[in-house]
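Next come the chains, spelled out residue by residue.
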Amino acid sequence: MLELVICKSPAVSGTFNVGSGVSYSNIEVAEIIREIIGDDRPILVRDIERKSDVPEQVANIDLAVETFGWKPKTSLKDGLRILVREMQQACY
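Now for a description of the structure that goes with this document. (Residues numbered from 1 in each chain as written. Predicted model: local features only at pLDDT ≥ 70, side-chain atom pairs only at ≥ 80, totals over all residues. Heavy atoms only, no water.)

Within the chain, the secondary structure is distributed over four helices and zero strands. Element order for the chain, N to C, with α for helix and β for strand: α-α-α-α. Over its C-alpha trace the chain gives a radius of gyration of 17 Å, far above what one expects of a compact globule, namely 12 Å for 92 residues. A principal-axis box enclosing the C-alpha atoms of the chain has dimensions of 50 × 40 × 20 Å. Of all 92 residues assigned to the chain, the portion counted as buried reaches 10%. Accessible surface for the chain amounts to roughly 8,000 Å². Of this, 52% is attributable to carbon and sulfur atoms. (Helix = DSSP H or I, 4+ residues; strand = E, 2+ residues; numbered from the N terminus. Rg over C-alpha atoms; globule rule 2.2 N^0.38 Å. Buried < 20%, exposed > 50% of the residue type's maximum accessible area, 1.4 Å probe, protein only. Areas by Shrake-Rupley, 256 points an atom, 1.4 Å probe, with all protein chains shown as cover.)

Written out as structure tokens, the structure reads:
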């Protein structure tokens, strides 16, 4: 994405969201991480709703797509797999 922004001519400015354009719940993300690390322990959920909780949030990537032709190349699962691997390497 950075290369697309730097090389754009004429130069553009603005706020460009990058993301998948797909919403994932916290439990879905936790389950993906659990699968990646090979942990079969159950995920415990405290069923406490907070006033500040947002039920769903999705990055609107339309402007980045329209302006730069950018589209995400890495799935959430693959991105988390890379993150976990890098964290494991950094810690050992």
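Running from N to C, helix α2 (residues 26–37) and helix α4 (residues 76–91) point in directions that differ by 55 degrees, and their axes come no closer than 10 Å. On the basis of their axis angle, the class for α2 and α4 is oblique. Taken as a pair, α2 and α4 cross one another with a handedness that is right-handed. Listed contacts from α4 to Val29, Ile32, Ile33, Glu35, Ile36 and Ile37 of α2 are Leu76, Lys77, Leu80, Arg81, Val84 and Gln88. (Axes fitted to C-alpha atoms, helices over the stretch in contact; angles between N-to-C directions. Parallel < 35°, antiparallel > 145°, perpendicular 65-115°, else oblique. Left-handed = near helix turned anticlockwise from the far one by under 90°. Contact = heavy atoms within 4.5 Å.)

Here the focus is the layout of surface pockets. Here the largest pocket is characterised by a volume of approximately 530 Å³. Lining the largest pocket we find 18 residues, and of these Ser25, Asn26, Ile27, Arg50 and Asp53 sit closest to its centre. Residue composition of the lining of the largest pocket, by class: nine nonpolar, four polar and five charged. Quantified by volume, the second largest pocket comes out at close to 160 Å³. Residue lining of the second largest pocket: 13 residues in total, with Val22, Ser23, Tyr24, Val29 and Gln57 positioned closest to the centre. A per-class count over the lining of the second largest pocket returns six nonpolar, seven polar and no charged. (1 Å grid on protein atoms, 1.4 Å probe; cavity = no way out; pocket = protein on both sides within 12 Å on 5 of 7 lines; lining within 4 Å. Points joined across faces, edges and corners; volume = space filled by probe spheres on them. Nonpolar A, V, L, I, M, F, W, Y, C, P; charged D, E, K, R; others polar.)

Scope: geometric values only; no functional claims are made or implied.
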